[in-house]
Amino acid sequence: MKKIRIGGGAGYSGDRIEPALEIMKKGDLDYIIFECLAERTIALAQQQKLADPDKGFNELLEYRMEKVLPICTEKKIKVITNMGAANPVSGARLVKDIAVLLGIKNLKIAAVLGDDIFSVIDDYKDFTTLEYGNKLSEINGQIISANVYLGAEGIQQALQNGADIVITGRVTDPSLVIGPLLYEFGWEIDDYDLLGKATLAGHLLECGAQVTGGYFAEPGYKDVPDLWNVGFPIGEVYENGDIIITKLTGAGGKVTTGTVKEQILYEIHDPSNYMTPDVNADFSQVTVKEIEPDKVLITGATGREKSGYYKTSIGYKDCYIVEAEISYGGSGAFEKAKLACDIVEKRIRHTDLSFQELKIDYIGVNSLFFSSAPDLSGKGSSCNEVRLRVAGRTKLKEEGIMIGNEVEALYTNGPAGGGGVRINVNEIVSIASILIPIKDIETHVIFEEV
Amino acid sequence: MKLREIAHSRTGDKGNISNISLIVYNMDDYELVKEQITAIKVEEWFQNVVKGEVIRYEIPSLGALNFVMTNALGGGVTRSLSLDRHGKSLSSFLLEIELTT
């Protein structure tokens, strides 16, 4: 039976490059994907593009492609990536320039377009946001980006037209894998059973090492060999939609039913209805089987007709967030941190500082699980060190700075022995989402060639 | 015995929703986990974290449960004031639940 080998080359925008190069060199790959867009990445990239129309793609695109292009030319591996971010056109052009510099010939680079609907966002101002349930026009902040999550069709089209490198903006992560599978196996775009299986393949490969032992280790419970050198995944997908996940023998990490199960359920919400622009996938009947060490067979995903809507992420200038921290140590560390907190809270009230929301944590005590953490009052001496963290949301930057200053002032005005003050004030671009009809969007592909 | 002894877990996030999987090491323990780690139990356990509801999905073929917790991340990854904005560490908190035997 025909099969395709696809490598997962990145699990996030800044991921390591060398494990990706390793699977390209030794993994007998047909394709490698690089998934590099988190929820708000495009909104930030859009701001870079506004400042410079030739920018707005992933900042590591050049670094990665300089290393990747020579190997993919030699090994005949096609590259699919969403590193185009807010500017796939310039991204594709940059890849062409790198190819020229490296003396690479006969390379066709595609840019998949159509996800950016910022110019027509006003047409959707009466649409309801999924997060807040209000109208998009009522959002509290300037809108700076609007990107549809496209499906696999643009990638499929690029490959049908001979592309070796496909650069997209916002597409759903699994589509980076579904595109090549549609093209290679000639699956129909409405064969939802196969699309469900392809979605699972993409879902397993899009987070890099998260399926090969990364983000899995718990010493004494779930030990992972050579995690420092964890290998990236290789997915073998068969024409009937069966999937095998494996890794290189020499690489660290491991592929077991456990690592695969964690990744199958990762961020999917309802396992019987994982909605993407390509299909409503159903992973609820999936089975996994270790067929050899570090080789797991995954079968049983299926799917139903897609919803007919594209989820669209809208980036808007929301607020500023200040984070200010100070540490206390030794016996009574927690009591000193609590006194410091009391001072900061009273100072903020006393000087009438303006903020929308304030959150105070004791790092080492309750910063992760909030007050669900064990109550240490009265036995604070069990804490060797405590870090007070004051986080505030403000509308203006200056207001954030003022809150930070109150933490810094604890140096000379607060409890004894406070140290290590760090303050950050950052502008926050947030995301709101709307659903827009598929018919509104036209995907198209442009090409660069050397 | 803590849940950690018989099951493992991973947290993911989308917007203001936290998604925590719970997977038994040994299929023989699935019924016990299913019986004790109910949506209500999880909602109580995370009462200081989760401001919305908890929905539980069962995936028997994987020996797994999947918890979807709404309004759980202080406004979501992009605007939360939490130190752990993604709520990535919440899986470790779930595994602290004490099982009754």
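Because the structure is predicted, anything quoted here is derived from the model rather than measured.

### Points about the overall build of chain A
- Broken down by element type, chain A carries 11 helices and 18 strands.
- Its C-alpha atoms give chain A a radius of gyration of 25 Å, near enough to 22 Å, the size a compact globule of 450 residues would have.
- In terms of its C-alpha atoms, chain A occupies a principal-axis envelope of roughly 70 × 55 × 45 Å.
- For chain A, restricting intrachain contacts to residue pairs at least 6 apart in sequence, the fraction spanning at least 24 positions comes to 78%.
- For chain A, the separation between the mean place of its 46 positive charges and that of its 65 negative charges on side chains is 3 Å.

### Here we look at the overall build of chain B
- Looking only at helices and strands, chain B features three helices and four strands.
- Along chain B, from the amino end to the carboxyl end, the secondary structure elements read β-β-α-α-β-β-α.
- Relative to the 2.2 N^0.38 estimate, which gives 13 Å for 101 residues, the radius of gyration of chain B is 13 Å and therefore close to what a compact globule would have.
- The buried share among the 101 residues of chain B stands at 54%.
- A sequence separation of at least 24 residues applies to 58% of the contacts in chain B between residues at least 6 apart.
- With the model as given, the accessible surface of chain B reaches about 3900 Å², and the carbon-plus-sulfur share is 48%.
- Here chain B contributes 11 positive and 13 negative side-chain charges, whose respective centroids are spaced 10 Å apart.

### Some details on the interface of chain B and chain A
- Taken residue by residue, the interface counts 43 residues in chain B and 54 residues in chain A.
- Each partner contributes to the roughly 4100 Å² buried at the junction of chain B and chain A, and carbon and sulfur atoms together form 55% of this total.
- Considering only the surface of chain B that becomes buried against chain A, Arg10, Arg79 and Leu81 of chain B emerge as the three largest contributors, covering 22% of it.
- Viewed at the interface, chain A and chain B are joined by three salt bridges.
- Between Asp318 of chain A and Arg79 of chain B there is a salt bridge, with its nearest N and O atoms 2.5 Å apart.
- Inspection of the chain B/chain A interface yields 21 residue pairs in polar contact (both at pLDDT 80 or more).
- Mapped by element, the contributors of at least two residues to the side of chain B that touches chain A are β1 (7–14), β2 (17–24), β3 (54–59), β4 (64–69) and α3 (90–94) of chain B.

### So, the packing of helix α5 (residues 153–160) of chain A against helix α6 (residues 175–185) of chain A
All names here are of chain A.
- Close contact between α5 and α6 brings their axes to 8 Å; oriented N to C, the two are set at 45°. Considered as vectors, α5 and α6 are oriented oblique to each other. At the point where α5 passes α6, the crossing takes the right-handed sense. In this structure, α5 contributes Ile155, Gln156, Leu159 and Gln160 to the contact, and α6 contributes Ser175, Leu176, Gly179, Pro180, Leu182 and Tyr183.

### Considerations on the sheet that holds strand β10 (residues 280–282) of chain A
Residue and element names in this part refer to chain A.
- Pairing is antiparallel in the open sheet, where three strands are placed in the order β9-β10-β13. Pairing within the sheet leaves two strands with one partner each, and these edge strands are β9 (274–275) and β13 (302–304).
- Lying over the sheet, helix α7 (residues 192–205) contacts β9, β10 and β13, oriented at roughly 120° with respect to β13.

### Details of the packing of aromatic side chains
- Applying the stated criterion to the full structure yields seven aromatic pairs over all chains.
- With a centroid separation of 5.7 Å and an interplanar angle of 45°, the aromatic rings of Tyr274 of chain A and Phe283 of chain A are classed as tilted.
- By relative accessible area, Phe283 of chain A is classed as buried at 1%.
- Aromatic pair Phe46 of chain B and Phe93 of chain B: ring centres 5.4 Å apart, planes at 75°, arrangement edge-to-face. With Phe46 of chain B in the loop between α2 (39–45) and β3 and Phe93 of chain B in helix α3, this pair connects stretches of sequence that are 47 residues apart.
- With a relative accessible area of 7%, Phe93 of chain B lands in the buried category.

### Notes on the pattern of salt bridges
Residues and elements named next belong to chain A.
- Across all of its chains, the model carries 27 salt bridges over all chains by this definition.
- The shortest N-O distance in the salt bridge between Lys55 and Asp52 comes to 3.9 Å.
- Residue class for Lys55 comes out partly exposed when judged on its relative accessible area of 43%.
- According to the relative accessible area criterion, Asp52 is partly exposed, its value standing at 29%.
- Glu325 is the partner of Arg387 in a salt bridge, and the nearest nitrogen-oxygen pair spans 2.6 Å. Of the two residues, Arg387 sits in strand β16 (residues 385–394) while Glu325 sits in strand β14 (residues 309–329), which places them 62 residues apart along the sequence. Pair check on accessibility: Arg387 and Glu325 agree, each one buried.
- Connected through salt bridges with shared partners, the residues Glu323, Glu325, Lys359, Asp361, Arg387 and Arg389 form a single ionic network.

### Quick notes on the environment of Tyr124 of chain A
Residue and element names in this part refer to chain A.
- Along the chain, Tyr124 falls in the loop between β4 (108–113) and β5 (143–148).
- Sequence separation between Tyr124 and Leu435 is 311 residues, and the spatial gap between their C-alpha atoms is 9.6 Å.
- Beyond its immediate chain neighbours, meaning those up to four positions away, Tyr124 contacts Ile117, Leu136, Ile434, Ile436 and Asp440.

### Re a nonpolar patch on the surface
- Residues Leu130, Tyr309 and Leu435 of chain A make up a contiguous nonpolar surface patch of roughly 290 Å² in combined accessible area.
- Note on placement: Leu435 of chain A falls in strand β17 (residues 419–437).

Rules of the game
- Residues numbered from 1 in each chain as written.
- Chains lettered and ligands numbered in written order.
- Predicted model: local features only at pLDDT ≥ 70, side-chain atom pairs only at ≥ 80, totals over all residues.
- Heavy atoms only, no water.
- Helix = DSSP H or I, 4+ residues; strand = E, 2+ residues; numbered from the N terminus.
- Rg over C-alpha atoms; globule rule 2.2 N^0.38 Å.
- Contact = heavy atoms within 4.5 Å.
- Lys, Arg positive; Asp, Glu negative; His and termini not counted.
- Charge placed at Lys NZ, Arg CZ, Asp CG, Glu CD.
- Buried < 20%, exposed > 50% of the residue type's maximum accessible area, 1.4 Å probe, protein only.
- Areas by Shrake-Rupley, 256 points an atom, 1.4 Å probe, with all protein chains shown as cover.
- Buried area = accessible area lost by both parts, 1.4 Å probe.
- Salt bridge = Lys/Arg side-chain N within 4 Å of Asp/Glu carboxyl O.
- Polar contact = N/O pair within 3.5 Å; in protein donor to acceptor, adjacent residues only side chain to side chain.
- Axes fitted to C-alpha atoms, helices over the stretch in contact; angles between N-to-C directions.
- Parallel < 35°, antiparallel > 145°, perpendicular 65-115°, else oblique.
- Left-handed = near helix turned anticlockwise from the far one by under 90°.
- Pairing = 2+ DSSP bridges.
- Phe/Tyr/Trp six-rings, centres within 6.5 Å; stacked < 30°, edge-to-face > 60°.
- Patch = residues over 30% accessible without salt bridge, like charges linked within 9 Å, V, L, I, M, F, W, Y side chains within 5 Å.

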